[in-house]
Amino acid sequence: MQERNLLAHSESTDSDVATVRIDTDAREQNEVNPYIWGKFCEHLGLNIYHGMEAQILFNPVFGEWNFRAGERRPSGGFVSENNHDKIERYVREHVRSLAYPESTDPDALLEAYHDGLAFGWLPTDADALRFSPDTGPSGNRAQRIEIGRAGEGVYQRTHLPAHRVREFEFRCKVRAADPTTASLSIAPTGGDPLSAASIDVDEDWQIVEGRIDLSDEEIDEDGIFEVALTTADPANLVVERVLLYPGDHVNYADPDIVEMLRESDLPLLRWPGGNFVSGYDWTDGVGPVDERPTRINPAWHGLEYNLFGTDEFIQFCAAVGCEPSICVNAGDGTPEEAAKWVEYCNGDPEKTEMGALRAEHGHPEPYDITYWEIGNELYGPWQVRWTTPAGNADRYERFREAMLEADPSIEVTATGQETNADTDWNDVLLEECGEDVRAISEHLLAGGTVDSTTDPDELYHAFMGYSGQLGEQLRDLRDRMEAAGIEDPKLDVTELQLFAHFQEDEDAGEAEELGRSEAGESEGKSDDGTLSPETMPTPATISEAVYDATIRHEFLRMGEFVELLTHSATVNHGGGLWKDGERVWANPCHYGRSMTAGLAGGEPARVELECDTISTENAFREIAPFDGVPAVDAFASVHEDGELVVVLANRRSADEPISVTLEVDAFDAAGEAAVETLSGETMYDENTRDDPKRIVPEPSSTSVENGTVELELPSYALTKLTIPSN
C-alpha cells in the first residue's frame with residue numbers, strides 16, 4: 001500500500017516562529033476520507049437515554065434498577081451491587097441527575113426504593129400509598145400502586161425542554177383492579193398542576209396516549225417540574241410504563257441533538273456499543289416499542305428500556321444525514337443471531353424472513369448498512385464472554401462466514417488490539433485467518449492514571465505528541481497485514497478519546513457511567529500549577545479538540561489504510577455534545593471535528609514544517625516518552641473547486657502564540673483567505689451549560705500576498721484556513 005510522503009520537518013532556531021510550506025504540486029490523487037470524522041454512541045449512562053433519545057422521565061418503565069458493582073464475573077461483565085451502603089451512595093448520586101434540588105432529602109428516594117417503588121419515583125404521600133412489584137403483559141416488571149386517598153399517586157421531578165417546546169406527548173401502559181380515572185399532570189415543584197390529562201383506566205391492560213399542553217402557562221424554562229400520575233378516587237393501579245416526550249421530537253430523538261449533529265455534517269455513526277453490545281440481544285430492540293422487554297444493562301449501571309433499537313438508530317442516522325455502522329454481539333451472541341441482524345437490516349422483504357419482519361415493523365426498504373464490526377474489545381474481562389487471541393480468530397471466522405452469507409456485499413471488521421497492550425492478539429488473528437481479514441479495529445483510549453504529582457505540561461505534551469508513536473505502531477500493523485496476504489488492509493478506529501484518569505477521584509468512573517462529570521463546570525476552578533481533576537485535559541476540554549486533530553492528521557498521512565474513525569461519543573460520554581436539564585451544548589471537540597472536516601474530499605498536499613519541537617520524559621501508560629515532535633502540526637488538501645484547505649494545530653503547552661508564516665507559492669491563491677480558529681486560554685478550558693459558547697470557532701480573514709500568509713496560532717488551538725484560487 002502506498003505511503004503518503006506528506007510531511008517533512010526541520011527544527012527552527014526560534015521557538016516562537018514557524019514556517020509551513022504547502023507544496024500543492026506534490027499531492028496524492030486519493031481524496032481525503034470523510035469517514036475519519038465519524039462518531040460513536042453506546043447505551044452507557046446518559047448517552048442514548050436522556051441524551052440522543054428524547055424521552056424525559058427517568059426509569060419510565062418502572063423497572064428494577066441495576067446498580068452495577070465493581071466486581072467482575074469470571075465469564076465477563078459485572079455483578080449487580082447488593083451492598084446497602086454502596087446502593088445508598090449511588091442513590092444520592094442520582095439525586096443530581098434526577099433534578100432533585102439540594103434541599104430535597106435524598107433519603108426519600110432510598111426509602112421509596114426499599115418500600116417497593118421503582119427507583120426514581122416518589123409517593124405523593126407515603127401514608128396514603130402502598131407499593132409492590134408486579135408483572136406486565138410482556139413479562140416486564142410493572143408497578144402496583146395501591147392508592148388509599150383521592151388525589152394521591154406517584155411522581156418524579158424533572159427538567160423540561162420548555163425553552164424549546166411547551167407541548168408534550170405521553171404514553172402509558174396501565175390497568176386497574178377496578179375501573180378508575182387517573183390523571184397525568186405537570187406542575188412546578190411544590191405547586192398546583194399547570195396542565196393535566198385524564199386517563200380512563202380499565203381492568204384490562206391498555207396503552208393510553210395523549211398530550212399535555214403548557215403553551216398558555218407562565219413557567220420558568222429552567223425550573224424543576226413534577227410529573228405525577230394520580231387517581232381521582234382510591235384505586236389499585238398496575239403501571240408498566242409512563243413515557244413523556246417533547247412534542248417536537250424527531251422520531252422520538254432529541255431535536256437539538258439531531259440538529260447539532262446534522263449541522264456538523266456528521267458522516268458516520270457507530271452503534272450500539274461499546275461494552276454494552278457484548279450482552280445485547282438485537283431482537284429485544286425491534287418491533288412494537290411497548291411490547292419490548294426491559295433488561296438489565298449488561299455492562300453499566302441501570303436498565304436497557306429498549307426504546308432505542310435498530311429501527312430507531314437508522315431513523316436517527318437518516319435524520320442526521322449520516323451513514324450507520326453496527327457492531328454485533330460477539331460476546332454472548334451467536335453467528336446465527338448476527339446473520340439475522342444483517343438480514344433484518346439489508347434483506348429483501350420479498351425474499352428473506354428477516355427482511356419481511358423489518359417490513360412488518362413498518363420499514364419495507366432495506367437499510368443497506370455497509371460497515372459491520374464483529375465484537376467489541378473481546379480481549380477484556382470487562383466484556384461479557386471475553387476470549388483469547390485464538391478464540392477471537394475462531395469467532396471472527398464463524399461470524400464472518402454467517403454474516404457474509406446473509407449479505408455478501410457488507411464490509412466486516414475483526415476485533416483488534418494493537419496499541420494498548422503487549423499482546424499477540426492481532427498476530428494470532430492474522431496467522432489463523434490470513435487474507436479472510438479485511439479490516440481490524442482499534443480502540444485508542446490512551447492516558448492512564450495521573451495524580452497531583454503529575455506535571456500538567458508533561459501530560460498535555462504526551463497527548464499532543466502521541467500521534468507520532470501511534471503512526472509507527474499502526475504502520476507496522478499494516479505491514480504485517482500485507483505480509484499475511486491481505487491485498488488492501490484496512491484499520492477501523494472505532495473508539496478514540498484522551499483517557500487520563502485522576503487517581504484521587506474515586507468516583508470518576510461512576511460519574512462517567514451516570515453520564516455526568518464533576519469537572520463539567522469551569523466556574524470556581526483555581527490553577528496553582530498542580531494537576532487536579534478540574535485543571536487537567538479531559539474530553540470536555542479544548543485539549544480533546546487539538547488531540548483529535550493530531551490523530552486524524554496522522555491517519556490521513558497513512559494513505560487509505562485507516563478506513564474510518566468513530567470518536568467517542570455523541571452525548572454525555574467522552575467528548576461531543578452535552579445535555580443537562582434538557583439543555584444541549586457542545587464540547588470544543590464537536591466544533592473541532594466539524595471545522596477540520598473541511599479537509600475531506602480534497603487531495604492531500606505535502607507539508608514542510610520548520611518549527612520548534614516538544615518532548616516528554618515520562619510514560620503515560622501506552623504513551624512512551626518522546627523527543628523531537630513538531631510543535632506545530634499541519635495538514636492540507638486541494639479541492640476540485642480550487643480551494644486549498646489547511647489545518648494547523650498548536651501542540652505546545654505555552655501561554656504565547658506561535659507566529660506562523662504559511663507559504664503556498666505553488667498554489668495560485670486569490671487575495672484573501674477565510675480563517676477559523678478554535679482556542680482556549682488553558683488546556684482545561686471548556687464549554688458549560690451556563691457558558692455554552694465559550695469556545696467556538698472564531699471566523700476572520702487574512703490576506704495572501706505573494707503566496708504567503710502571516711498569522712498567529714494561539715496556544716491550545718486549531719486554525720483552519722480556506723484559500724481560494726484565482
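Conventions we followed
- Residues numbered from 1 in each chain as written.
- Predicted model: local features only at pLDDT ≥ 70, side-chain atom pairs only at ≥ 80, totals over all residues.
- Heavy atoms only, no water.
- Pairing = 2+ DSSP bridges.
- Helix = DSSP H or I, 4+ residues; strand = E, 2+ residues; numbered from the N terminus.
- Polar contact = N/O pair within 3.5 Å; in protein donor to acceptor, adjacent residues only side chain to side chain.
- Contact = heavy atoms within 4.5 Å.
- Axes fitted to C-alpha atoms, helices over the stretch in contact; angles between N-to-C directions.
- 1 Å grid on protein atoms, 1.4 Å probe; cavity = no way out; pocket = protein on both sides within 12 Å on 5 of 7 lines; lining within 4 Å.
- Points joined across faces, edges and corners; volume = space filled by probe spheres on them.
- Disulfide = S-S within 2.5 Å.
- Buried < 20%, exposed > 50% of the residue type's maximum accessible area, 1.4 Å probe, protein only.
- Phe/Tyr/Trp six-rings, centres within 6.5 Å; stacked < 30°, edge-to-face > 60°.
- Lys NZ or Arg CZ within 6 Å of the ring centre and 35° of its normal.
- pLDDT = per-residue confidence, 0-100.
- Left-handed = near helix turned anticlockwise from the far one by under 90°.
- Nonpolar A, V, L, I, M, F, W, Y, C, P; charged D, E, K, R; others polar.
- Salt bridge = Lys/Arg side-chain N within 4 Å of Asp/Glu carboxyl O.

Examining the sheet that holds strand β11 (residues 180–188)
Point 1. Ordered by their spatial adjacency, five strands build an open sheet running β6-β9-β14-β11-β12, and the pairing between neighbours is antiparallel. Of all strands in the sheet, those bounded by a partner on one side alone are β6 (122–123) and β12 (195–201).
Point 2. With seven bridges joining them, β11 and strand β14 (residues 225–231) adopt antiparallel strand pairing. Bridge pairing in β14 links alanine 187 to glutamate 226.

Looking at the side chain of glutamate 152
Point 1. Here glutamate 152 lies in the loop between β8 (141–147) and β9 (153–158).
Point 2. A distance of 2.5 Å separates the side chain of glutamate 152 from the side chain of threonine 124, its partner in a polar contact.
Point 3. Beyond its immediate stretch of four places on either side in the chain, glutamate 152 contacts Thr124, Asp125, Ala128, Leu129, Ile147, Leu229, Thr230 and Thr231.

Observations concerning the sheet that holds strand β7 (residues 129–135)
Point 1. Taken in spatial order, the five strands make up an open sheet running β7-β8-β15-β10-β13, and their pairing is antiparallel. Of all strands in the sheet, those with a lone pairing partner are β7 and β13 (206–213), marking the two edges. When the angles between neighbouring strand axes are averaged without regard to direction, this sheet yields 35°.
Point 2. Bridge count between strand β10 (residues 167–176) and β13: eight bridges; the pairing is antiparallel. By the bridge assignment for β13, arginine 171 is matched with glutamate 209.

Looking at empty space enclosed by the protein
Point 1. Evaluated as defined, the whole model comprises three cavities of 30 Å³ or more.
Point 2. Taken as a whole, the second largest cavity holds about 60 Å³ of empty space.
Point 3. In terms of lining, the second largest cavity is formed by Tyr280, Asp281, Trp282, Val328, Asn329, Gly333, Thr334, Glu337, Ala338 and Trp341.
Point 4. If one sorts the elements of the lining of the second largest cavity by residue count, helix α6 (residues 335–346) sits on top with three residues.

Some details on the state of the cysteines
Two cysteines joined by a covalent bond between their sulfur atoms form a disulfide.
Point 1. Under the counting rule described, the total for this entry stands at zero disulfides.
Point 2. The structure places no disulfide on cysteine 317, whose sulfur is separated from the nearest cysteine sulfur, that of cysteine 322, by 3.8 Å.

Observations concerning helix α13 (residues 588–596)
Point 1. A large share of α13 lies buried, amounting to eight of its nine residues.
Point 2. Here α13 has its buried residues at Pro588, Cys589, His590, Tyr591, Gly592, Arg593, Met595 and Thr596.

A short note on the packing of aromatic side chains
Point 1. Taken as a whole, this structure holds 25 aromatic pairs when the rule is applied.
Point 2. Summarising the aromatic geometry, the rings of tryptophan 271 and tyrosine 280 are spaced 6.2 Å apart at their centres and angled 75° between planes, so their arrangement reads as edge-to-face. The burial state of tryptophan 271 is the same as that of tyrosine 280; both residues are buried.
Point 3. Between phenylalanine 308 and phenylalanine 316, the aromatic rings sit 6.3 Å apart at their centres with planes inclined by 70°, giving edge-to-face as the arrangement.
Point 4. By relative accessible area, phenylalanine 308 is classed as buried at 3%.
Point 5. Sitting above the plane of the phenylalanine 78 ring, arginine 68 keeps its charged end 3.7 Å from the centroid.

Remarks on the confidence of the model for the chain
Point 1. Predicted confidence across the chain gives a mean pLDDT of 94, with 95% of residues reaching 70 or more.
Point 2. The model gives residues 505–524 a pLDDT under 50, and that stretch makes 46 contacts with residues more than four places away or in other chains.

Section: the pairing of β10
Point 1. By the criterion of burial, β10 is predominantly enclosed, with nine of the ten residues buried.
Point 2. Summarising the sheet, β10 and strand β15 (residues 235–246) pair through nine bridges and their orientation is antiparallel. When the sheet's bridge partners are listed, valine 174 is paired in β15 with valine 239.

Considerations on unusual backbone geometry
Point 1. Cis geometry is found at the peptide bond from tryptophan 271 to proline 272, where omega equals 5°.
Point 2. When you line up the elements, proline 272 lands in the loop between β16 (268–271) and β17 (295–296).
Point 3. Omega for the peptide link from glycine 273 to glycine 274 comes to 10°, which places this bond in the cis form.
Point 4. Tracing the chain through its elements places glycine 274 in the loop between β16 and β17.

Side note on the packing of helix α12 (residues 542–556) against α13
Point 1. The N-to-C vectors of α12 and α13 enclose an angle of 35°; their axes lie 7 Å apart at closest approach. Crossing hand, α12 versus α13: right-handed. Contacts between α12 and α13 involve Ile542, Glu544, Ala545, Asp548 and Arg552 from the former and Pro588, Cys589, Arg593 and Thr596 from the latter.
Point 2. Across the contact of α12 with α13, the residue classes tally to four nonpolar, one polar and four charged.

Let's talk about the environment of tryptophan 372
Point 1. Along the chain, tryptophan 372 falls in strand β20 (residues 371–374).
Point 2. Sequence separation between tryptophan 372 and arginine 211 is 161 residues; the distance between their C-alpha atoms is 39 Å.
Point 3. Contact partners of tryptophan 372, with chain neighbours within four places excluded, come to Ile326, Val328, Trp341, Val342, Cys345, Asn346, Met403, Ile410, Glu411, Val412 and Thr413.
Point 4. In this structure the side chain of tryptophan 372 is engaged in a polar contact, spanning 2.9 Å, whose partner is the backbone oxygen of isoleucine 369.

Structural notes on the side chain of arginine 68
Point 1. For arginine 68, the location among the structural elements is in strand β4 (residues 68–72).
Point 2. Engagement of the side chain of arginine 68 in a polar contact is seen with the backbone oxygen of alanine 299, the distance being 2.8 Å.

Digging into the pattern of salt bridges
Point 1. Summed over all chains, the structure comprises 45 salt bridges.
Point 2. For glutamate 169, the salt bridge identified is with arginine 211, shortest N-O distance 3.0 Å. In this pair, glutamate 169 is assigned in strand β10 and arginine 211 in strand β13, connecting sequence segments 42 residues apart.
Point 3. Look at glutamate 169 and you get buried, because its relative accessible area is 19%.
Point 4. A residue is classified by how much of its surface remains accessible, and arginine 211, at 43% relative accessible area, is partly exposed.
Point 5. Across the pair aspartate 254 and lysine 579 runs a salt bridge whose closest N-O atoms are separated by 2.7 Å. With a gap of 325 residues between them, aspartate 254 in the loop between β15 and α4 (255–263) and lysine 579 in strand β27 (residues 577–580) connect regions that are remote in the sequence.
Point 6. Here lysine 579 falls in the buried class, since its relative accessible area comes to 5%.
Point 7. Connected through shared salt-bridge partners, Arg166, Glu221, Asp222, Asp580, Arg583 and Arg689 make up one network.

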